[in-house]
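Commentary on secondary and tertiary structure
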Amino acid sequence: MNYTIRRVCLRSALRVGLALGWVVALVPAVPSALLATAALEALAGLLASVQPYEVSFLGQQVASIDPIDIAGLRPLAEWSAGLADLGGALFWLLLALITLGGALLVLVGTVLACLLYNLLAAVSGGLQVQLEQVAS
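A short tour of the structure in this document, coming up. (Residues numbered from 1 in each chain as written. Predicted model: local features only at pLDDT ≥ 70, side-chain atom pairs only at ≥ 80, totals over all residues. Heavy atoms only, no water.)

Another point: the overall build of the chain. A count of helices and strands for the chain gives four helices and four strands. Computed over its C-alpha atoms, the radius of gyration of the chain comes to 28 Å, more than 25% above the 14 Å expected for a compact globule of 136 residues. Counting only C-alpha atoms and orienting by the principal axes, one finds that the chain spans roughly 100 × 35 × 20 Å. Across the 136 residues that make up the chain, the buried fraction comes to 20%. Partitioning the contacts of the chain with sequence separation of at least 6, the portion at a separation of at least 24 is 75%. On the chain, roughly 9900 Å² of surface is accessible, and the fraction owed to carbon and sulfur atoms is 70%. Each charge class in the chain was averaged separately, 5 positive and 7 negative side chains, and the resulting centres sit 36 Å apart. (Helix = DSSP H or I, 4+ residues; strand = E, 2+ residues; numbered from the N terminus. Rg over C-alpha atoms; globule rule 2.2 N^0.38 Å. Buried < 20%, exposed > 50% of the residue type's maximum accessible area, 1.4 Å probe, protein only. Contact = heavy atoms within 4.5 Å. Areas by Shrake-Rupley, 256 points an atom, 1.4 Å probe, with all protein chains shown as cover. Lys, Arg positive; Asp, Glu negative; His and termini not counted. Charge placed at Lys NZ, Arg CZ, Asp CG, Glu CD.)

Structural data, given as structure tokens:
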């Protein structure tokens, strides 16, 4: 039996996109969250290790020079330290955010592919498939 797929239901594409989107996005989200967590912790450690320089003259402290303040990195240092303090919760938060973002991209891609197919099928007649009934 020959059939022609003239149109794909948008509701069906949404269901598939929602069902598979998070699964597809989870695979790259795990290493991405691990890498981002490690990078944020390394950045916080690096910025925390920068100490102010003490300038002294004849035994008297004349000035204190803080490279973090001079470079304008104090907000970044405080932000990264706050995130690094979250510890394992930071990984789970990043994992959830990356997975959600990836799932939304998969969902949008699925819907766009469905809409594109429907437009092309209206012009070209659609995809023809041959089905055969098999005794079970």
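From this point, things continue past the structure.
Take unusual backbone geometry next. Positive phi values are uncommon outside glycine, yet L58 reaches one of about 55 degrees. Within the secondary structure, L58 sits in the loop between strand 2 (53-57) and strand 3 (60-65).

A cluster of nonpolar side chains, namely Y53, V55, F57, L58, V62, I65 and I70, defines an oily patch on the protein surface of about 790 Å² accessible area. Listed by contribution, the elements that provide at least two residues to the nonpolar patch are strand 2 and strand 3. Take the nonpolar patch: its biggest share by element is three residues, from strand 2. For F57, the location among the structural elements is in strand 2. Exposure remark for F57: the relative accessible area of 56% places this residue in the exposed category. (Patch = residues over 30% accessible without salt bridge, like charges linked within 9 Å, V, L, I, M, F, W, Y side chains within 5 Å. Salt bridge = Lys/Arg side-chain N within 4 Å of Asp/Glu carboxyl O.)

What follows concerns the nonpolar core. Counting eight residues, the largest nonpolar core consists of A29, A33, L40, L83, L90, F91, L94 and L95. Elements with a minimum of two residues in this core: helix 1 (10-49) and helix 4 (88-124). Here this core takes four residues from helix 4, the largest share from any one element. Contact partners of L95, with chain neighbours within four places excluded, come to L26, A29, V30 and A33. (Core = buried A, V, L, I, M, F, W, Y, C linked by side-chain atoms within 4.5 Å.)

Evaluated as defined, the whole model comprises one aromatic pair. Aromatic side chains F91 and W92 sit 5.1 Å apart centroid to centroid with 70 degrees between the ring planes, which places their arrangement in the edge-to-face category. F91 sits in the buried class, given a relative accessible area of 15%. Its relative accessible area of 58% is what places W92 among the exposed residues. (Phe/Tyr/Trp six-rings, centres within 6.5 Å; stacked < 30°, edge-to-face > 60°.)

The element strand 3 is largely exposed, with a buried count of zero among its six residues. With five bridges connecting them, strand 2 and strand 3 associate as antiparallel partners. Bridge pairing in strand 3 places S56 opposite Q61. Taking the residues between adjacent antiparallel strands as the criterion, strand 2 and strand 3 are bridged by two residues, where L58 takes a positive phi near 55 degrees. (Pairing = 2+ DSSP bridges.)

Looking at the element boundaries, A96 is found in helix 4. Taking relative accessible area as the criterion, A96 reaches 45% and is therefore assigned partly exposed. Spatially, the C-alpha atoms of A96 and S124 are 41 Å apart, while their sequence positions differ by 28 residues.

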